[in-house]
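One-letter residues, chain by chain:
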Amino acid sequence: MRKAKDLGDFRCFKVGDNEEVDLLQFADDTIIISEGDTANLWSMKAILRGFELMSGLRINFSKSNIYGINVGDWFLEAASSFLSCKVSSLPFKYLGIKVGGNPRTPTKVLQEIRTIQSKFLWSGGEDRKSIHWVCWDTVCKSKEEGGLGIKNVEIMNVALISKWKWRILNENEAVWSGIIRARYGKVKLKILVGDMAVVGKKDSIWWRDLMVSDNYERLLVNHFSRAINCSVGNGEDIPFWYACWIDKQPLLEVFPDLFQVTADHLLAVADLGQFGEDGWQWNLRPLLPETAAAWLPAASTPLLPAASTSSATGLLNSASNGELQDTIVYMDVEQMGTIHVR
């Protein structure tokens, strides 16, 4: 397939201007992604036939499916006949994960999971009524706090969402990371803002949920971004108002009155200043052309970020092994406090 791409015989699907997606493969489960045209059908058939000749294996086309997005039914029918496979529609399952469907877990499903857990605990899984001797919130506490350490699925969902945020902020070289940047723009800046103000009308449900998490996280004492300490590199991915880049408190809380009268709440640090030969240099015109210049020298808290020797746009406190563990996040979310990154 790589050779076909280099020769221009196969055109894969492009996300943005630079990111390309052509193949998802795990063991014998394969998804080929391309532009919907006749030339690609010929190339695809040649590639698959070449695989059969080289490997001595046979592809089971009767179990293969073709899907189209913004492609006419007539084309799908012709492609199905040409490739000897079936026409199907979204969503479909790949490695047990639903692709193209609503990724949200319905509230009723969460309640049903909790019911199953409760029945197993109090009645051994039998379908009969039993007395619940301890409230469920206590059961879900850790053993050190007098509970049984059973995971609350709603809190665990928030923890896993938080881990996705952490991965987006850290993993820059992964293929999926490049696709997300191409699709949603300045993703690190948006993650640290975490507000509906950075969500577009055409953004996916998954991305919307990632931005605002769910109702449970909005009950937390501190937002995800307030648990992340940033060191300024070029400042392009660090929100001026929402992130903790000067102290352990975002500037929107330090200067709430100024935040309210500022025209643009989504400014990055790079929009208002940068490191120069003489240290940090402010450019406050985008903030408040006249008021800000008089406000800054009188500020009681010096707004001078520590210089970073790294070229990274936003450096985070790393976990002990460079990864954020689900258990650590779960424990912190459960305590209704800051999601500490260790």
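Refer to the preceding data block for the structure.
As the structure is a computational prediction, the values presented were derived from the model and not from experiment.

Student: I would appreciate a short explanation of the overall build of the protein in the present structure.
Tutor: Looking only at helices and strands, the protein features 13 helices and twelve strands. In the protein, which comprises 342 residues, the share counted as buried stands at 34%. Long-range pairs, those at least 24 residues apart, make up 51% of the contacts in the protein between residues at least 6 apart in sequence. Surface summary for the protein: the accessible area is close to 21100 Å², and the carbon and sulfur share equals 52%.

Student: Help me out: how do you make sense of the packing of aromatic side chains in this one?
Tutor: In this description, a pair of aromatic rings is defined by centroid distance and the angle of the planes. A full pass over the atoms with the stated rule returns eleven aromatic pairs. An angle of 85° between the planes, with centres 5.9 Å apart, marks the rings of Trp74 and Phe75 as edge-to-face. The exposure class of Phe75 is buried, given its relative accessible area of 12%. Ring plane angle 50° and centroid distance 5.6 Å describe the contact between Phe240 and Trp245, whose orientation is recorded as tilted. On the basis of relative accessibility, which here comes to 4%, the residue Trp245 falls in the buried class. Among the aromatic residues, those joined into a cluster by ring pairs are Trp164, Trp176, Tyr184, Trp206 and Trp207. A cation over an aromatic ring shows up here: Lys45 above the ring of Phe82, its NZ or CZ 4.4 Å from the ring centre. The ring of Trp164 carries the charged tip of Arg167 above its face, separated from the ring centre by 5.1 Å.

Student: It is not clear to me how the pattern of salt bridges should be interpreted in this structure. Could you clarify?
Tutor: In a structure, side chains of opposite charge can pair up when their charged atoms sit close to one another. Enumeration according to the criterion identifies six salt bridges in this entry. We note a salt bridge from Glu52 to Arg49, for which the minimum N-O separation is 3.1 Å. Taken together, the residues span about one helical turn, with Glu52 and Arg49 both in helix 2 (residues 38–55) at a distance of three residues. Of the residues examined, Glu52 reaches a relative accessible area of 9% and is grouped as buried. Of the residues examined, Arg49 reaches a relative accessible area of 41% and is grouped as partly exposed. Across the pair Arg183 and Asp203 runs a salt bridge whose closest N-O atoms are separated by 3.8 Å. Residue Arg183 is found in helix 7 (residues 175–184), and its partner Asp203 is found in the loop between helix 8 (187–193) and helix 9 (205–212); the two are separated by 20 residues along the sequence. Since its relative accessible area comes to 37%, Arg183 is described here as partly exposed.

Student: Hey, could you run me through a nonpolar patch on the surface in this one?
Tutor: A grouping of Tyr67, Ile69 and Leu90 is seen on the molecular surface, where their side chains present a nonpolar patch of about 270 Å² in accessible area. Along the chain, Leu90 falls in the loop between strand 6 (86–87) and strand 7 (92–94). On the basis of relative accessible area, Leu90 is assigned to the partly exposed category, the value being 36%.

Student: I keep staring at helix 6 (residues 153–170) and nothing clicks. Help me out?
Tutor: Note: α-helices contain 3.6 residues per turn, so residues at a spacing of three or four share the same orientation. Between the first and last C-alpha of helix 6 there are 26 Å, a value that for 18 residues agrees with the 26 Å anticipated at 1.5 Å per step. For helix 6, the side-chain oxygen to backbone nitrogen distance between the N-cap and Glu154 is 2.9 Å, and the N-cap itself is Asn152.

Student: Got a minute to help me understand the packing of helix 6 against helix 9 in this structure?
Tutor: The angle between the axes and the distance between the axes are what describe a pair of packed helices. Where helix 6 contacts helix 9, the axes come no closer than 9 Å and their chain directions differ by 95°. Between helix 6 and helix 9, the interaxial angle falls into the category roughly perpendicular. Listed contacts from helix 9 to Ile161, Trp164, Lys165 and Ile168 of helix 6 are Trp206, Trp207, Asp209, Leu210 and Met211.

Student: Would you mind going over the pairing of strand 3 (residues 23–26) with me for this structure?
Tutor: Where strand 3 lies against strand 4 (residues 29–32), four bridges are found, and the strand directions are antiparallel. From the neighbouring strand, Phe26 faces strand 4, where its bridge partner is Asp29. Between strand 3 and strand 4, which pair antiparallel and follow one another directly, the connecting turn spans two residues, one of which, Ala27, has a positive phi of 55°.

Student: Even after reading the chapter, I still don't get the environment of Leu251, so can you show me in this structure?
Tutor: Within the secondary structure, Leu251 is located in helix 10 (residues 251–254). The class for Leu251 is buried, based on a relative accessible area of 3%. In sequence terms Leu251 and Phe240 are eleven residues apart; their C-alpha atoms lie 7.3 Å from each other.

Student: Would you mind going over the nonpolar core with me for this structure?
Tutor: For soluble globular proteins, the rule of thumb is that nonpolar side chains tend to be buried together. The biggest cluster of nonpolar side chains holds 37 residues, and the ones touching the most others in it are Ile191, Trp207, Trp241, Trp245 and Leu287. Elements with a contribution of two residues or more to this core: helix 6, helix 7, helix 8, helix 9, helix 10 and helix 11 (256–261). If you look at the next biggest cluster of nonpolar residues, it comprises twelve residues, including Ala4, Leu41, Phe75 and Ala79.

Student: What is the right way to read unusual backbone geometry from this model?
Tutor: With the exception of glycine, the majority of residues adopt a negative phi angle, and the majority of peptide bonds are in the trans configuration. A cis amide bond, omega 0°, links Leu90 with the succeeding residue Pro91. Inspection of the secondary structure assignment puts Pro91 in the loop between strand 6 and strand 7. The phi angle at Asn70 is positive, at roughly 60°, despite the residue not being glycine. Checked against the element boundaries, Asn70 lands in the loop between strand 5 (65–66) and helix 3 (73–83).

What counts, and at which threshold
- Residues numbered from 1 in each chain as written.
- Predicted model: local features only at pLDDT ≥ 70, side-chain atom pairs only at ≥ 80, totals over all residues.
- Heavy atoms only, no water.
- Helix = DSSP H or I, 4+ residues; strand = E, 2+ residues; numbered from the N terminus.
- Buried < 20%, exposed > 50% of the residue type's maximum accessible area, 1.4 Å probe, protein only.
- Contact = heavy atoms within 4.5 Å.
- Areas by Shrake-Rupley, 256 points an atom, 1.4 Å probe, with all protein chains shown as cover.
- Phe/Tyr/Trp six-rings, centres within 6.5 Å; stacked < 30°, edge-to-face > 60°.
- Lys NZ or Arg CZ within 6 Å of the ring centre and 35° of its normal.
- Salt bridge = Lys/Arg side-chain N within 4 Å of Asp/Glu carboxyl O.
- Patch = residues over 30% accessible without salt bridge, like charges linked within 9 Å, V, L, I, M, F, W, Y side chains within 5 Å.
- Expected span 1.5 Å × (residues − 1).
- Polar contact = N/O pair within 3.5 Å; in protein donor to acceptor, adjacent residues only side chain to side chain.
- Axes fitted to C-alpha atoms, helices over the stretch in contact; angles between N-to-C directions.
- Parallel < 35°, antiparallel > 145°, perpendicular 65-115°, else oblique.
- Pairing = 2+ DSSP bridges.
- Core = buried A, V, L, I, M, F, W, Y, C linked by side-chain atoms within 4.5 Å.

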